[in-house]
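A closer look at the structure
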Amino acid sequence: DSGVTQTPKHLITATGQRVTLRCSPRSGDLSVYWYQQSLDQGLQFLIQYYNGEERAKGNILERFSAQQFPDLHSELNLSSLELGDSALYFCASSVDPEVNTEAFFGQGTRLTVV
Amino acid sequence: GEDVEQSLFLSVREGDSSVINCTYTDSSSTYLYWYKQEPGAGLQLLTYIFSNMDMKQDQRLTVLLNKKDKHLSLRIADTQTGDSAIYFCAEKANQAGTALIFGKGTTLSVSS
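Bear in mind that the values here come from a model prediction, so they are computed numbers and not experimental data. (Residues numbered from 1 in each chain as written. Chains lettered and ligands numbered in written order. Predicted model: local features only at pLDDT ≥ 70, side-chain atom pairs only at ≥ 80, totals over all residues. Heavy atoms only, no water.)

Further remarks concern the state of the cysteines. Per the stated rule, a full pass over the model turns up 2 disulfides over all chains. Each disulfide pairs two cysteine sulfurs, and for C23 of chain A the partner residue is C91 of chain A, the sulfurs being separated by 1.8 Å. With the S-S dihedral at roughly -50 degrees, the linkage between C23 of chain A and C91 of chain A falls on the left-handed side. One end of the pair, C23 of chain A, is in strand 3 (residues 19-24); the other, C91 of chain A, is in strand 9 (residues 87-94), with 68 residues separating them in the sequence. For C91 of chain A, a relative accessible area of 0% corresponds to the buried category. Note that C22 of chain B is cross-linked by a disulfide to C89 of chain B, the S-S spacing being 1.9 Å. Negative torsions about the S-S bond denote left-handed disulfides, and the value of about -60 degrees found for C22 of chain B with C89 of chain B makes this one left-handed. Linking C22 of chain B in strand 3 (residues 18-24) with C89 of chain B in strand 9 (residues 85-92), this pair joins segments that are 67 residues apart in sequence. (Disulfide = S-S within 2.5 Å. Helix = DSSP H or I, 4+ residues; strand = E, 2+ residues; numbered from the N terminus. Buried < 20%, exposed > 50% of the residue type's maximum accessible area, 1.4 Å probe, protein only.)

Below you can see the structure in the form of structure tokens.
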């Protein structure tokens, strides 16, 4: 168990809908990362937050947004869902990304858009 | 931009050594990582190497880094069926904060 908790584990929704994925980082970790894993694109970095502030953006679509709350948990919001958004979404956390080398991953949320 | 390349599949027999190779593009990467993903599970950090090192050994795992060729390899000695998984090479991205940039993963299949 990595200590990173993601909910829900599975989500099935229809095209055009909006969903929210939740991540609770390891205790003491200030940085949260979101990744999307799909068969064709592999693991793609989406966005990073550090202590409540956006730190870096990767290949995140405009239909997607995220935030990190004062208690450090994070949510990834996916809207106007398309079939191609079906993927495994991972959250990872680390203590201080500048000095710590390890990021710990949650088990992921499997999103299926039908 | 950063890009990490890996071969997609490797098949070995139990007891043999497995070598998974990776090339990366960002020469300023300070750390390079190997993660393991078992079916239905998240990614587990196996090991990492700092860029000023050539080699790192950790029990059955040996990481070799060739900075000149931007080549990273992971050797698993005495491979077991429980080692069957997807192995990801990753570098710490400079252009994306401190996020990791992953290769597409190498599926290791170990037969008995």
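A cis geometry characterises the amide bond from T7 of chain A onward to P8 of chain A, with omega recorded as -10 degrees. Mapped onto the elements of the fold, P8 of chain A is located in the loop between strand 1 (5-7) and strand 2 (10-13). We note that L72 of chain A has phi near 80 degrees; this positive angle belongs to a residue other than glycine. Among the secondary structure elements, L72 of chain A is positioned in the loop between strand 7 (64-68) and strand 8 (74-78). Its relative accessible area of 17% is what places L72 of chain A among the buried residues. A positive phi angle, near 55 degrees, is found at Q59 of chain B, a position not held by glycine. Mapped onto the secondary structure, Q59 of chain B falls in the loop between strand 6 (55-58) and strand 7 (61-66). Look at Q59 of chain B and you get exposed, because its relative accessible area is 76%.

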